[in-house]
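Residue-level structure breakdown
Letter by letter, the chains look like this.
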Amino acid sequence: MLNVELFLSQLEECDVDFFAGVPDSLLKSFCAYVTDNCGGNHVIAANEGGAIGLAAGHYLATGKPALAYMQNSGQGNAVNPLASLADPDVYSIPMVLLVGWRGEPGIKDEPQHVKQGKVTVSLFETLAIPTEILPDDEAAALELTRKMVEKAKAESRPVALIVRKGLFAEYKLQNKMPDIAALPREQAIEEILKSLPEDAVIVSTTGMISREVYETRERLGQDHSRDFLTVGSMGHASMIALGIAKAQPDRKVYCLDGDGASIMQMGNMAIVGQSGCSNLTHIVFNNAAHDSVGGQPTVGGAINLMSVAAALGYDVQPLENALRLCASALNKSRPVFVEVKVAKGARKDLGRPKEPPQINKALFMKTLADA
Ligand SMILES: Cc1ncc(C[n+]2csc(CCOP(=O)(O)OP(=O)(O)O)c2C)c(N)n1
């Protein structure tokens, strides 16, 4: 096991003292430690591509490589700036990538991690990014870290360190931001599911929100045929919802989103806001945190999501109105936006969808096919 404090000291000895990234459950201890201890030298980025940009900017200004951390799910977001900015064929910018390896072959994980887990190492190899898996032995992991940072510097290129499940010794986040509301999210989800029109469909986002939608349906004795649980593809639930809403203008479509997810791909909100789709309601549960992966803060507690949505063209409504509006179709030409401020945390015994994604898709498509 690797102690995060020692890992950070090793990086700092190698001149790596700026950290940017998107939180990950396998990097939870690392993320918690940098959140607690690195102050202005740590930025939680909106998405992994942004983290690569931050690391590049830090290098341009200081001549020192930075560390960009991410779950392997975020590799896709990082590929563009890795290939077109940091690569030796372009600006040749040294940096260290620290990547949580969900879905490592041979280790049981959720379906959305299986494919990404298989291609994590080969994707970096395709990009010609030197990649090493950090060993469990602490001294060996620290030595490999030193070597890889030296390589990044000597060859002026990104290098990747892959983190297996259970590598980091536990460090618990001390500076948890206070809750921005008392309402438990699962309770809010239950209220919404109870009041939706019969034929309405839901597209829910990555992480706990989809799991709570699933469990709430079970509790209410309802089936899952109206819910598309977007287990991966963080930040794109609103686009899936828009695709459905445009194809079926008479269908009420509800996107249940998170603050972290909607901020990760905030450009999508501009497209929904300007879509003219009156049958789409975008509900963001804002707990100001990446709660599903450890509770690290998002900027959701500081920004005014409702003003953003209004400026982007949404009809911003309180939840009660939004549920009524969609039922009565009072809103003529614009998608509706609702922010529901909720507490962090979820039930300890929260289950996961029992059916695989393909079954979820098949049932959902059957619902959409029935007029
Ligand atoms: C592209 C990508 N990056 C990172 C992750 C890891 N991840 C899963 S859930 C999550 C946090 C989601 O935050 P939010 O949308 O606010 O919902 P909450 O977890 O607070 O319910 C993260 C970062 C991911 N699945 N995909």
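Every residue gets a number counted from 1 within its own chain, in the order that chain's sequence is written. In view of the model being predicted, local features appear only for residues whose pLDDT reaches at least 70, and side-chain atom pairs are presented and counted only at 80 or more, with totals across whole chains, interfaces and linings using the full set of residues. Side-chain measures here rest on the full set of heavy atoms in the structure, leaving out hydrogens and waters.

1. Overview of the packing of helix H7 (residues 185-195) against helix H8 (residues 208-219)
Interaxial angles span 0 to 180 degrees and are taken between N-to-C directions of axes, which are lines fitted to C-alpha atoms, for helices over the stretch in contact. Secondary structure elements are defined from DSSP: runs of H or I of at least 4 residues count as helices, runs of E of at least 2 residues count as strands, and each element is numbered from the N terminus. As a packed pair, H7 and H8 sit with axes 9 Å apart at the nearest point and diverge in direction by 55 degrees. The angle between H7 and H8 places the two elements in the oblique class. Our pair here, H7 against H8, has a crossing hand that is right-handed. Where H7 abuts H8, its residues Arg185, Glu186, Ile189, Glu190 and Leu193 lie against Met208, Ile209, Glu212, Val213, Glu215, Thr216, Arg217 and Arg219. For this classification, under 35 degrees means roughly parallel, over 145 means roughly antiparallel, 65 to 115 means roughly perpendicular, and everything else is oblique. If you view the pair so one helix is near and one far, a crossing is left-handed when the near helix is turned anticlockwise from the far one by less than a right angle, and right-handed when it is turned clockwise. The criterion used for residue contact is that any of the two residues' heavy atoms lie within 4.5 Å.

2. A few points about the sheet that holds strand E14 (residues 336-341)
A sheet is described by the order of its strands in space; here 6 strands give the open sequence E8-E7-E9-E10-E14-E13, paired in parallel fashion. Only two strands of the sheet have a single partner each, and these edge strands are strand E8 (227-229) and strand E13 (315-316). The pairing criterion is simple: DSSP has to find at least two bridges between the two strands. Where E13 meets E14, 2 bridges bridge the pair, whose relative direction is parallel. Its bridge partner lying in E14, Val316 is registered against Phe337. Each of strand E7 (201-204), E8, strand E9 (253-258) and strand E10 (280-286) is contacted by helix H9 (residues 237-247), which is oriented at about 175 degrees to E9, the strand it contacts most.

3. Comments concerning the site of the ligand
Near, as used in this document, describes a residue that has one of its heavy atoms within 4 Å of the molecule or strand being considered. In the vicinity of the ligand lie 21 residues, with Glu48, Arg185, Gly260, Ala289 and Ser292 positioned nearest. Contact between the ligand and Asn287: an oxygen atom at 3.0 Å from a side-chain N or O atom of the residue. Of all elements in the fold, only helix H10 (259-264) and strand E11 (289-290) reach the threshold of two or more residues within the shell around the ligand. Ranked by residue count, the leading element in the shell around the ligand is H10, at 4 residues. We call two N or O atoms a polar contact when they sit within 3.5 Å, provided that within protein one can donate a hydrogen and the other can accept it, with sequence-adjacent residues counted only if both atoms are side-chain atoms.

4. Considering the pattern of salt bridges
Salt-bridge detection follows one rule: a side-chain nitrogen of Lys or Arg within 4 Å of a carboxyl oxygen of Asp or Glu. Within this structure, the stated rule accounts for 20 salt bridges. The closest approach of N and O atoms between Arg352 and Glu110, which form a salt bridge, is 3.3 Å. Of the two residues, Arg352 sits in the loop between E14 and helix H14 (357-369) while Glu110 sits in the loop between strand E4 (95-100) and helix H5 (111-126), which places them 242 residues apart along the sequence. A simple rule labels every residue: compare its accessible area, found with a 1.4 Å probe on the protein chains alone, to the largest value its type can have, and call it buried under 20%, exposed over 50%, or partly exposed in between. Overall, Arg352 belongs to the partly exposed group, its relative accessible area being 37%. The class of Glu110 is partly exposed, set by a relative accessible area of 22%. As a salt-bridge pair, Glu212 and Arg185 come within 2.7 Å of each other at their nearest N and O atoms. On the criterion of sequence distance, the pair formed by Glu212 in helix H8 and Arg185 in helix H7 is long-range, its members being 27 residues apart. For Glu212, a relative accessible area of 1% gives the class buried.

Everything listed here is a matter of coordinates, which is why it stays silent on function.
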